[in-house]
Amino acid sequence: MNELDQLVTAAQADFAAATTPADLENAKARYLGKSGRVTDLLKALGALPVEAKKARGAEINVAKVQVEAALQARRDALAAAELEAQLRAEALDVTLPGRGRGTGGLHPVSRTIERIEAIFGSMGFDVAEGPEIETDWMSFTALNNPENHPARSMQDTFYVDLKDAQGRWLNLRPHTSPMQVRYARAHAARHAGDIEQGKPMPEIRVIAPGRTYRVDSDATHSPMFHQCEGLWIGRNVSFKDLKFVFSDFIRQFFETDDFDVRFRPSFFPFTEPSAEIDIAFRSGPLAGRWLEVAGSGQVHPNVVRNYGLDPETHIGFAFGMGPDRLAMLRYGIDDLRLMFDGDLRFLQQFN
Ligand code: PHE
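From a predicted model like this one, the values you see are computed outputs, not experimental measurements. (Residues numbered from 1 in each chain as written. Predicted model: local features only at pLDDT ≥ 70, side-chain atom pairs only at ≥ 80, totals over all residues. Heavy atoms only, no water.)

Colleague: Which parts of the structure should I look at to understand the sheet that holds strand E4 (residues 169–172)?
Modeller: Adjacent strands of a sheet pair through backbone hydrogen bonds, lying either parallel or antiparallel. Spatial ordering of the open sheet is given by E2-E4-E3, a layout of three strands whose pairing is antiparallel. Each edge of the open sheet is held by one strand with a lone partner, namely strand E2 (133–135) and strand E3 (158–163). Neighbour-to-neighbour, the strand axes of the sheet open up by a mean angle of 35 degrees, direction not taken into account. Across four bridges, E3 lies against E4 in antiparallel orientation. In the sheet register, Tyr159 faces E4, and the bridge partner there is Asn171. (Pairing = 2+ DSSP bridges. Helix = DSSP H or I, 4+ residues; strand = E, 2+ residues; numbered from the N terminus. Axes fitted to C-alpha atoms, helices over the stretch in contact; angles between N-to-C directions.)

If you want it as structure tokens, here you go:
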């Protein structure tokens, strides 16, 4: 093997030993750089006579081309290896199942409210919604609950340190009863012409479900909870009608006839007489236990006046029930807080 063949073999071995592009560039410098071995050979040509220079030059060039070819081959090999490694590192397993988006579902309380709306809707009740931030007047005063009256403390109200444009104090409504007043006043205003002419006004029949707030928190109370107000005002709507409507609602809601209803005397400033409505199933896991499901009563004449109506001719009842409680009874949920934790393991059971 002559000296030039040895040089080519040495370069090939050096290039093969380089495992990174940086190593390879260093190895290249040793052969093709400014003072590399091939460069040195070419520089030495200058000292040769013309004929010898030609022959030697041609030989060195052959070697140089071989070194350059070896360099390029190794560069390509390293680049290919790097690409391969990168592809492996970023590999996607296209056989994995997709993550997708879960389909949403209705919260048990929303389901319950929809159910209440459907049942009362079938009995001719309208559905109304109103503000959760209320004025003092709507939450209390209009409901025959005068300022500084001790009955106001029946509700641990969240007062807001704000007044509305008319300078009235605001609160987070502690019940849906303000909706009696809002709905009845709007209804009375719509039929003011009839009322003035002494014509009978169409009956008010409405439910108003929504969020309510009180300073209260344990297994059966949450600071945010739901209520559904009911109001039926006509010429002669009585407790008998309340009993029928409410019993029929319970029958449809729980899909059973196997229960008793009891009206237990109670007090609310906005109704007189007032009653708590209890139900007891005659069979099933809750058999024989009286469960309180609503407050109710005949609307107080002062409240009917605040509706903008004459209490001599506009008589009826109101009730306020707890959809959260109804949902718990229907689904057998024993802790109210589960409903508002947002835990998907709980919520997915209803969808
Ligand atoms: N608003 C009452 C409460 O929150 C319930 C109620 C409504 C009672 C309507 C009578 C009539 O406890």
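Read on, since the account is not over.
Colleague: What am I meant to see in the environment of Thr39 here?
Modeller: Summarising the element assignment, Thr39 is placed in helix H3 (residues 37–44). The spatial distance from the C-alpha of Thr39 to the C-alpha of Ala18 is 21 Å, given a sequence separation of 21 residues. Discounting chain neighbours no more than four positions away, the residues touching Thr39 are Tyr31, Leu32, Gly33 and Lys34. (Contact = heavy atoms within 4.5 Å.)

Colleague: It is not clear to me how the pattern of salt bridges should be interpreted in this structure. Could you clarify?
Modeller: Working definition: two side chains of opposite charge can pair if their charged atoms are close together. By the definition in use, this model includes 21 salt bridges. Between Glu59 and Arg56 there is a salt bridge, and its shortest N-O distance comes to 3.5 Å. One end of the pair is Glu59 and the other is Arg56, both in helix H4 (residues 50–89) and three residues apart, which spans about a single turn. Residue classification places Arg56 among the partly exposed positions, given a relative accessible area of 22%. Residue Asp257 is joined to Arg251 by a salt bridge in which the shortest nitrogen-to-oxygen separation is 3.5 Å. Residue classification places Arg251 among the partly exposed residues on the basis of a relative accessible area of 29%. Each member of the salt-bridge network shares a partner with another, and the members are Arg262, Arg264, Asp278 and Glu292. (Salt bridge = Lys/Arg side-chain N within 4 Å of Asp/Glu carboxyl O. Buried < 20%, exposed > 50% of the residue type's maximum accessible area, 1.4 Å probe, protein only.)

Colleague: Help me understand the site of the ligand, please; the structure alone is not making it clear to me.
Modeller: Neighbouring the ligand are 15 residues, the closest being His175, Ser177, Arg214, Gln227 and Gly320. In the environment of the ligand, a nitrogen atom lies 3.0 Å from a nitrogen or oxygen atom belonging to the side chain of His175. Interatomic distance of 2.8 Å between a side-chain N/O atom of Arg214 and an oxygen atom of the ligand. Contact with the protein chains removes 92% of the 330 Å² of surface that the ligand exposes when unbound. At the level of elements, strand E6 (224–234), strand E9 (291–299) and strand E10 (315–321) are the ones that each hand at least two residues to the shell around the ligand. Counting residues per element, the shell around the ligand draws most heavily on E10, which supplies three residues. Of the residues contributing to the shell around the ligand, the split by class is four nonpolar, nine polar and two charged. (Near = heavy atom within 4 Å. Polar contact = N/O pair within 3.5 Å; in protein donor to acceptor, adjacent residues only side chain to side chain. Areas by Shrake-Rupley, 256 points an atom, 1.4 Å probe, with all protein chains shown as cover. Nonpolar A, V, L, I, M, F, W, Y, C, P; charged D, E, K, R; others polar.)

Colleague: What is the right way to look at the nonpolar core in this model?
Modeller: For soluble globular proteins, nonpolar side chains are generally found buried alongside one another. Judged by nonpolar contacts, the single largest core of 29 residues is most densely connected at Ile116, Phe120, Phe246, Phe249 and Met321. Broken down by secondary-structure element, the contributors of at least two residues to this core are helix H5 (108–122), E6, helix H9 (239–254), strand E7 (259–268), strand E8 (271–281), E9, E10 and helix H11 (323–331). Considering every element that reaches this core, the biggest residue donor is H9, with seven residues. For Phe246, the contacting residues outside a window of four places in its chain are Ile277, Val293, Ala294, Phe319 and Met321. (Core = buried A, V, L, I, M, F, W, Y, C linked by side-chain atoms within 4.5 Å.)

Colleague: Got a minute to help me understand the side chain of Thr112 in this structure?
Modeller: Structurally, Thr112 can be placed in helix H5. For Thr112, a relative accessible area of 1% puts it in the buried group. Apart from the residues lying within four places of it in its own chain, the contact partners of Thr112 are Phe253, Pro323, Leu326, Ala327 and Tyr331.

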